[in-house]
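Coordinate inspection notes
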Amino acid sequence: MNRARVVTLNAALGPLDYRVPDDMHVEPGTVLVAPLGPRQLLGVAWEPERLPTEEVGDNRLRPIIGTLDVPPIATPLRRLAEWTADYYLSPLASVLRMILPSSSALEGPRQLTEYRPTGFQPDRMTPQRLKALAAIEGRQGTVRELADHAEVSDAVMRGLVNAGALESVAVEADRPLPVPDPEFAPPELNEEQVEAAASLSFAIGKGFDPVLLDGVTGSGKTEVYFEAIAECLRQGKQALVLLPEIALTEPFLKRFTSRFGCEPVAWHSDLRSSQRRRAWRAIVSGEAKVTVGARSSLFLPYAKLGLIVVDEAHEPSFKQEEGVPYHARDVAVMRGKFEDVPVILSSATPAIETRHMVEIGRYREVTLSRRFAGASMPEIRAINLTEDPPLRGRWLAPSLVAELKANLERGEQSLLFLNRRGFAPLTLCRHCGHRFQCPNCTAWMVEHRLMARLACHHCGHVMPPPKVCPECGEEDSLVACGPGVERIADEVAALFPDARTAIVTSDTIWSPARAAEFVAQMEAGAIDIVIGTQLVTKGYHFPNLTLVGVVDADLGLAGGDLRAAERSFQQIQQVAGRAGRGDKPGRVLVQTHDPEAPVIAALVSGDAPGFYAAETEARRDAAMPPFGRLAAIVVSAEDSSQADSVARRIGNAAPKVDGMAVFGPAPAPLAMLRGRHRQRLLVHAARSLDVQDVIRDWLAKIEWSPKVRVSVDVDPYSFL
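Just so you know, these numbers come straight off a predicted model, no measurement behind them.

Once that is clear, we can look at the sheet that holds strand β27 (residues 660-673). The antiparallel open sheet is built from four strands, whose spatial order is β27-β28-β26-β29. The sheet terminates laterally at β27 and β29 (709-714), the two strands that pair on one side only. On average, each strand axis in the sheet is tilted by 20° relative to the strand beside it, whichever way the strands run. Running at roughly 15° to strand β28 (residues 676-686), helix α19 (residues 640-652) makes contact with β26 (628-637), β27, β28 and β29 of the sheet.

Within the open sheet, the five strands sit side by side as β2-β1-β4-β3-β5. Their pairing is antiparallel. The open sheet has two edge strands, β2 (16-19) and β5 (66-67), and neither has a second partner. Across two bridges, strand β3 (residues 31-36) lies against β5 in antiparallel orientation. The partner of V33 across the bridge, within β5, is G66. Together, β1 (3-8) and β4 (39-46) form the strand contacts of helix α2 (residues 92-99), whose direction differs from that of β1 by roughly 80°.

Our focus in this paragraph is unusual backbone geometry. Looking along the chain, the bond that leaves P625 and enters P626 is cis, with omega of 10°. By the secondary structure assignment, P626 is in the loop between α18 (608-622) and β26. Going from G664 to P665, the amide bond is cis rather than trans, its omega being 15°. The topology assignment puts P665 in strand β27. Positive phi outside glycine occurs at E312, with the angle close to 50°. Position of E312 relative to the elements: it lies in the loop between β12 (305-311) and α11 (328-339). Phi at D340 takes a positive value of approximately 60°, unusual for a residue other than glycine.

About the thresholds
- Residues numbered from 1 in each chain as written.
- Predicted model: local features only at pLDDT ≥ 70, side-chain atom pairs only at ≥ 80, totals over all residues.
- Heavy atoms only, no water.
- Pairing = 2+ DSSP bridges.
- Helix = DSSP H or I, 4+ residues; strand = E, 2+ residues; numbered from the N terminus.
- Axes fitted to C-alpha atoms, helices over the stretch in contact; angles between N-to-C directions.
- Contact = heavy atoms within 4.5 Å.

What follows is the structure in structure tokens.
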């Protein structure tokens, strides 16, 4: 009897065997539908020898229901899925979910019906209808997508359709994609860029070649790796560009179109189902020549992959925290290895792990040491807040205010950076001291004055600001503590009432379209001062932006994060790199209470090599990554005693292994998240130890209630 081993998309199941009907062809990688009880599950056929399971007699095998009309998942991608599941201790089914993102992409109709607002407002307007119409302004999608975005029921959307507030639009799901032209508009590169581009282009078609493209901000790294993409297109291969933020997609698309004559295929969470289906099928068929996307695009089944580019490769947002906790930078290198293609890691501030791989000869390095078109690096100066403090009730030092005023008078643009969303990180009662904490998390509620709400940035819980203190009942006693970007924007408005300002955070730039709108306003000179979070530290090129002010350079140095100093250095250097990218010189003012701190001193002196050398040596001395290994084991439950009990049992069962130490359990820094109490253990191991096998065997010997979750984060980036 012909049988097949199948991995379904149900993470709770292991591999299962099915009977292959005589009239059906199934090979490893075939995407199929298999029965499980009364249900039908999507799955992928796999090599039996790679996924051993309990043998089942032929008489007990159920037949496969059918196969899908898509190419099989290729061998290199199956090997990547196995590696990712093994390395990050995750179910193979969870990895497959990223490869096969939706059934509509696999077999959906060729023509879809979507809806968009007509501008008509029905006579009967309920609060839900008002909320929905406000949320979907300018959007188009299915009833389900619009309802999800507006956070209302499908019935509300259908009611708006029936009332004439939404109109149907027929969408052709499989219309042809434009083809990028590698000869459309070749750039004029300087001598250093020409050499770098030639080195990258020569690697196309030559096999696996991980390359660090290390260039200062404004050096033209994008234009250089575009030439490698052009060579990839000439050879008939596909290229993938990973971006760390969805908001960066639109500016990238604009630059890409200028070079290649059309947009690449985009892949990110903001796509409608019709766009997602079209993109996935074009990628798997090879029609999509260049894809630009968020980290999830790394797992798509490219037909002829020839190049992977990881832009801003140092970015922490490439580490996924939910689901499979993978790091897209590292998985990109592994996909390049399995596919036998080059991988370009592009960054102005490469991570210590990447620098170490260059030092030991695993990666090669291509360097761009100066800015393009004669632009100079900005001057960076520290403002000592103990000597030049802001006025009472304000957060900007007088010297920074003076520079902002001078910039306004010259008609030049300024940027104020503070990596804290909202108006204030804490609200308390001045009468009794009550602090507003999230009911679901051990985190303070952040005041968002623009949206008139208190919000938890961890679970999304929101509430209107109360008029009285819930603890003591005192009226008008609530006070906002500390600054967020909205508070800085209020201060700027008070200082410069005629200045045109923009707040740029994930609350205001939540989609590529909003990012495009912001970029257009900046390029048109319609904004004088930008106040933003880390969202503005990368990817943007504004020639008239000449002043950057870092409001609180000490903010990222608090806490016990292994990478706190490195991350702060990268963040401030990146935001400093937004200044002076045109023919006007740039200035950067860094507000700090400790100008002698190594991070601040290195930034001001421009001694990046010295800073990285000291950080690397400290990591080496402590045997921390990349010289040692870390893994976090997080135990969570709605009942705190259950989480404590399981965590203690795991801690007590920790194996005694040479080169490995286990710390904890202890309450996680974020001791409650989304209503679940959390305990944390940290495993510190020698680089040579196969810590995954140790943890796998260790946890396999312990049983716990289904109400308790135990997750493992290999190479953690978040220590919450």
